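Now for the letters of each chain:
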Amino acid sequence: MRIATGTVAAILIVALGSWFFVFQERSFAQVIDDIEKAETISFSIKSFIRRYSLDGERTWIEQAPRMERAYLALGRYRDTRYDKDGKVTLVDIADVATGNVLRLDMKKREAVLKKELSGQYGPGNPFAVVAEILDRESIEFVGEQEIDGMEVNVFRHDRELPNGQSETWKIWLDAESKQLVGYCATPGDVAFDPMTAPDRDNPAEPRFSKGVRAGTITSDIIFDAELDPELFSLTPPDGFKVVEPEPRPQVSEAMLVEWLRVTAETNEGNFPDTTRGLSRERQMALVEMPAAERSEAEQSYLDLARNHQLDGNSEPMSAFAREFTEPRSFRYLGKGVRLGDSERLILFYKLTTTGTYRAMYGDLAVKEVQPSDLPLPVQD
């Protein structure tokens, strides 16, 4: 009887599982099809920031100025940014294939063409990740909710990011048509809703200690929108003055030494495990810590990290390697090394300017070395 009962249960589980996947496939097939076949898409992006008071005791929510994004198949994007009064301030037109970006300053009537594609533009459809989640990933049906006067079905997905961090996604499908309405992405494992956040009505204060991303909402989605291809042209429009782009600040060798010193001092005298720097958990702990409780080293780290972020060098070691070393020659070996250990090698690289190898040690001394002196085989 036990064997027979177990067999029946197993068959039932398989049958129910098969039914669920068929149901899911039928339920999401049209949404996925709409995403994959769209030649053009228009949508809006709303970003919310949680501000912290100077003493860290109070928080409030701020919404960043509105941004609209349009997509043309084969990797063309157009971002339109507005000020608090609803007037257009900046327009970015990006071509993923060439890496070119045309920035239009609508107030100054200036155009800058640069070859520095932001990581926010993927090579394919901007909603490909939504299609992948609905098609392959584990999701949870949360229930129904009213979004902008529309009843939607809400599905939750906990997403792991390539950098080791995580996000919580809530995907909204129209309760009647089952079409994609939008989604909200929140850092960490707690979903964000600007309508129900406990600090949504808290008054803003004139000064704050920090601000972190509370959530990003993508909505107002129109598939196969009527978009003039000229909107995606990289030719500056008439009446705009063409301005040469300012070079992005580079991370020099001296700046790399400073970054490693400050990072190690913040990390209890240990160099970080990877080129990314401090772990995500340690960085978040520093950001969330009231300023008055941070040590001098911790505050120095946050200030330095913020400056590199503003310069477009969020990972200083990688930025240095990209700008000054030959491809695949930069090797970091700092895991487990204490700051001040002059006998331990923490990294080495081959400079593009001289073709010579340089090595950095635990006491942050930098020396020119021969390939035979290095612990790993390298190209001479």
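Because the structure is a prediction, the values reported are computed rather than measured.

A. A look at the packing of helix α3 (residues 253–266) against helix α6 (residues 316–324). Direction vectors running N to C along α3 and α6 enclose 160°, while the axes themselves pass 10 Å from each other. What the angle tells us is that α3 and α6 run roughly antiparallel. Classified by chirality, the crossing of α6 by α3 is left-handed. In this structure, α3 uses E253, L256, W259 and L260 to contact α6, whose residues at the interface are P316, M317 and F320. Here the residues of the contact of α3 with α6 are counted per class, giving 6 nonpolar, no polar and 1 charged.

B. Broad picture of the packing of α3 against helix α5 (residues 296–310). Interaxial distance between α3 and α5 falls to 8 Å at its minimum, and their mutual angle equals 140°. As the angle between them shows, α3 and α5 are arranged oblique. Once α3 is placed against α5, the crossing between them reads as left-handed. Facing α3, whose interface residues are M255, E258, W259, V262, T263, E265 and T266, α5 presents A297, E298, S300, Y301, L304, A305 and H308.

C. Broad picture of the pattern of salt bridges. This structure, assessed with the given rule, holds 21 salt bridges. We note a salt bridge from E68 to R66, for which the minimum N-O separation is 2.4 Å. Given the relative accessible area of 37%, R66 is considered partly exposed. Between D79 and R69 there is a salt bridge whose closest N-O contact spans 2.7 Å. A residue pair is termed long-range when its members are at least 10 positions apart, and D79 in strand β4 (residues 76–82) and R69 in strand β3 (residues 67–72) qualify at 10 residues.

D. Up close: the packing of aromatic side chains. Scanning the model with the defined rule gives 14 aromatic pairs in all. Taken together, a centroid distance of 4.5 Å and an interplanar angle of 5° make the contact between W169 and Y183 stacked. With W169 in strand β10 (residues 166–174) and Y183 in strand β11 (residues 180–187), this pair connects stretches of sequence that are 14 residues apart. Counting every residue linked through ring pairs, the aromatic cluster contains F43, F127, W169, Y183 and F223. One Lys or Arg, R66, reaches over the ring of Y82 and ends 3.9 Å from the middle of that ring. Between the NZ or CZ atom of K210 and the centre of the ring of Y52, over which it lies, the distance is 4.3 Å.

E. Structural view of the sheet that holds strand β17 (residues 366–369). Reading across from one edge, β14-β15-β16-β17 is the order of the 4 strands in this open sheet, with antiparallel pairing throughout. What marks the edges here is a single partner per strand, and that holds for β14 (331–332) and β17. Across 5 bridges, strand β15 (residues 345–350) lies against strand β16 (residues 357–361) in antiparallel orientation. From the neighbouring strand, F348 faces β16, where its bridge partner is A359. Along the sheet, α3 contacts β14, β15, β16 and β17; its crossing angle with β16, the most-contacted strand, is approximately 25°.

F. Geometry of helix α2 (residues 128–136). Among the residues of α2, those classed as buried are V130, A131, I133 and L134. Across the axial projection of α2, the buried residues extend over an arc of 160°, all falling on one side.

G. Examining α3 more closely. Helix length check: α3 (14 residues) gives 20 Å between terminal C-alpha atoms against 20 Å at 1.5 Å per residue, within 8%. Looking at the buried residues of α3, the elements they touch are α4 (280–288), α5, α6, β14, β15 and β16. Note on α3: the residue one or two positions beyond its end, E268, has a positive phi of about 55°.

H. Expanded view of the pairing of β16. Burial runs high along β16: 5 of the 5 residues are buried. Residues Y357, A359 and Y361 point to one face of β16 and R358 and M360 to the other, with burial holding for every one of them. Counting the residues that bridge the hairpin from β15 to β16 gives 6 residues, and of these G355 lies at a positive phi of roughly 75°.

I. How the structure looks around the confidence of the model for the chain. This prediction gives the chain a mean pLDDT of 87; 91% of its residues lie at or above 70. Mean pLDDT values over the elements of the chain span from 55, in helix α1 (residues 2–37), up to 97, in β16.

Conventions used here
- Residues numbered from 1 in each chain as written.
- Predicted model: local features only at pLDDT ≥ 70, side-chain atom pairs only at ≥ 80, totals over all residues.
- Heavy atoms only, no water.
- Axes fitted to C-alpha atoms, helices over the stretch in contact; angles between N-to-C directions.
- Helix = DSSP H or I, 4+ residues; strand = E, 2+ residues; numbered from the N terminus.
- Parallel < 35°, antiparallel > 145°, perpendicular 65-115°, else oblique.
- Left-handed = near helix turned anticlockwise from the far one by under 90°.
- Contact = heavy atoms within 4.5 Å.
- Nonpolar A, V, L, I, M, F, W, Y, C, P; charged D, E, K, R; others polar.
- Salt bridge = Lys/Arg side-chain N within 4 Å of Asp/Glu carboxyl O.
- Buried < 20%, exposed > 50% of the residue type's maximum accessible area, 1.4 Å probe, protein only.
- Phe/Tyr/Trp six-rings, centres within 6.5 Å; stacked < 30°, edge-to-face > 60°.
- Lys NZ or Arg CZ within 6 Å of the ring centre and 35° of its normal.
- Pairing = 2+ DSSP bridges.
- Arc of directions from axis to C-beta.
- Expected span 1.5 Å × (residues − 1).
- pLDDT = per-residue confidence, 0-100.

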